[in-house]
Amino acid sequence: MSQALPIRIANRLQDLIESFRFLDFLAPTAIRLYLAPIFVVAGYHKLQDIDSIIAWFGNPDWGLGLPYPEVMAYLAAYTEFLGGIALLVGIAVRWFSVPLMITMIVAALTAHWDNGWFAIASSNPDTSAAKAAAWVGFPGAQESLENSREVGKRLTAAKSILREHGNYNWLTEKGNFVVLNNGIEFAVTYFIMLAVLFFMGAGKFLSLDYYIRLFLRDRP
């Protein structure tokens, strides 16, 4: 009997959590609305400056050195722009998630891979996510913590120079200074979010996919 009460309480709590399933469409909707402007703006920027993007994609010295840079540039630009619009209105979300995920893989491997994980370099090893990875002996984690210490030293020196020779309050009025690492973090994060949309779909009620399926695909 002593074990029955805790089990009953646990079951009731689980039932309470399960009762929120009717709101499960909010999760994919939130992911779509988060990603949509990111991809729309990224694609629009590429289309507006397509010649420079083609040159960057193709140049092996200061660019990515990709084959068929013109084709790759236009594919990336239209995939992001049209894919972002599709995510916004929730149409063909699973279909568009695939080329968008491929775009993120290409971006991670070509533009960000050599810079490691972090998009913005951590300047404090005690608060770096690499600290948890170092606890379990993850390869490269300790090196990342050492890098954080070096980043902290350089950032402190840069701030000192700016305080002495510049209007530091004005310079930091819109935000603090950081060291851009440009690693794969954002590309991987977006890939994971797109993978969720691929498996879950666009969500009910607030997507065109839901109504297309409701009125066309599932009709007898």
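This text goes with the structure placed above it.
Residues numbered from 1 in each chain as written. Predicted model: local features only at pLDDT ≥ 70, side-chain atom pairs only at ≥ 80, totals over all residues. Heavy atoms only, no water.

(A) The arrangement of the pattern of salt bridges in detail. Across all of its chains, the model carries 6 salt bridges by this definition. Among the salt bridges present, the one from glutamate 150 reaches arginine 154, with a minimum N-O distance of 2.8 Å. Within this pair, glutamate 150 and its partner arginine 154 are both found in helix 7 (residues 141-165), separated by 4 residues, close to a single helical turn. Accessibility expressed as a relative area gives 32% for glutamate 150, which makes it partly exposed. Salt bridges linked by common partners bring Glu150, Lys153 and Arg154 together as one network. (Salt bridge = Lys/Arg side-chain N within 4 Å of Asp/Glu carboxyl O. Helix = DSSP H or I, 4+ residues; strand = E, 2+ residues; numbered from the N terminus. Buried < 20%, exposed > 50% of the residue type's maximum accessible area, 1.4 Å probe, protein only.)

(B) Representation of the packing of helix 5 (residues 93-112) against helix 9 (residues 185-200) within the structure. Following both chains from N to C, one finds helix 5 and helix 9 inclined at 160°, their axes separated by 9 Å at the closest point. One element, helix 5, and the other, helix 9, form an angle in the roughly antiparallel class. In the crossing of helix 5 with helix 9, the sense of the turn from one axis to the other is left-handed. Where helix 5 approaches helix 9, its residues Val93, Arg94, Ser97, Val98, Leu100, Met101, Met104, Ile105 and Ala108 are matched on the opposing element by Ala187, Tyr190, Phe191, Leu194, Ala195, Leu197, Phe198, Phe199 and Met200. For the contact of helix 5 with helix 9, the class distribution of residues is 16 nonpolar, 1 polar and 1 charged. (Axes fitted to C-alpha atoms, helices over the stretch in contact; angles between N-to-C directions. Parallel < 35°, antiparallel > 145°, perpendicular 65-115°, else oblique. Left-handed = near helix turned anticlockwise from the far one by under 90°. Contact = heavy atoms within 4.5 Å. Nonpolar A, V, L, I, M, F, W, Y, C, P; charged D, E, K, R; others polar.)

(C) Structural context of helix 5. If you check which residues of helix 5 are buried, you get Val93, Ser97, Leu100, Met101, Thr103, Met104, Ala108 and His112. Seen along its axis, helix 5 keeps its buried residues to an arc of 165°; they face one direction. Away from the buried face of helix 5 by more than 90 degrees, exposed residues Trp95 and Leu109 are located. Each element contacted by the buried residues of helix 5 is listed here: helix 2 (26-48), helix 4 (69-89), helix 9 and helix 10 (208-217). (Arc of directions from axis to C-beta.)

(D) Just the packing of helix 2 against helix 4, in detail. Packing of helix 2 against helix 4 brings their axes to within 7 Å, and their N-to-C directions diverge by 150°. The orientation of helix 2 relative to helix 4 falls into the category roughly antiparallel. Seen from above, helix 2 lies across helix 4 with left-handed handedness. Contacts from Arg32, Leu33, Leu35, Ala36, Phe39, Val40, Ala42, Gly43, Tyr44, Lys46 and Leu47 in helix 2 reach Ala76, Ala77, Tyr78, Glu80, Phe81, Gly84, Ile85, Leu87, Leu88 and Val89 in helix 4. The class makeup of the residues in the contact of helix 2 with helix 4 is 16 nonpolar, 2 polar and 3 charged.

(E) Focus on helix 4. With 21 residues, helix 4 extends 30 Å from end C-alpha to end C-alpha; this agrees with the ideal 30 Å at 1.5 Å per step. Those residues of helix 4 lying buried are Ala73, Ala76, Ala77, Thr79, Glu80, Gly83, Gly84, Ala86 and Leu87. Among the structural elements, helix 2, helix 3 (50-58), helix 5 and helix 9 are those in contact with the buried residues of helix 4. Two residues or fewer past helix 4, glycine 90 is found with a positive phi of approximately 75°. (Expected span 1.5 Å × (residues − 1).)

(F) Here's a closer look at the layout of surface pockets. Considered as a void within the structure, the largest pocket measures approximately 740 Å³ in volume. Lining the largest pocket are 31 residues, with Lys46, Glu80, Thr103, Met104 and Ala107 positioned closest to its centre. Among the elements of the structure, helix 2, helix 3, helix 4, helix 5 and helix 9 are those that each provide at least two residues to the lining of the largest pocket. Its residues assigned to classes, the lining of the largest pocket shows 22 nonpolar, 7 polar and 2 charged. Size it by volume and the second largest pocket reaches roughly 390 Å³. Forming the walls of the second largest pocket are 14 residues, and the residues nearest its centre are Arg94, Asp209, Tyr210, Arg213 and Arg217. For the lining of the second largest pocket, the elements supplying multiple residues, two or more each, are helix 5 and helix 10. Top element by residues in the lining of the second largest pocket is helix 10. It accounts for 5 residues. Partitioned by chemical class, the residues of the lining of the second largest pocket number 6 nonpolar, 3 polar and 5 charged. (1 Å grid on protein atoms, 1.4 Å probe; cavity = no way out; pocket = protein on both sides within 12 Å on 5 of 7 lines; lining within 4 Å. Points joined across faces, edges and corners; volume = space filled by probe spheres on them.)

(G) Expanded view of the packing of aromatic side chains. Enumeration according to the criterion identifies 10 aromatic pairs in this entry. Their ring planes at 20° and their centres at 6.3 Å tell us that phenylalanine 186 and tyrosine 190 sit as a pair that is stacked. Taken together, the residues span about one helical turn, with phenylalanine 186 and tyrosine 190 both in helix 9 at a distance of 4 residues. Aromatic side chains phenylalanine 205 and tyrosine 210 sit 5.2 Å apart centroid to centroid with 65° between the ring planes, which places their arrangement in the edge-to-face category. Across from the ring centre of tyrosine 168, 4.4 Å away, lies the NZ or CZ of arginine 163, which sits over that ring. (Phe/Tyr/Trp six-rings, centres within 6.5 Å; stacked < 30°, edge-to-face > 60°. Lys NZ or Arg CZ within 6 Å of the ring centre and 35° of its normal.)

Purely geometric stuff here, so don't read any function into it on its own.
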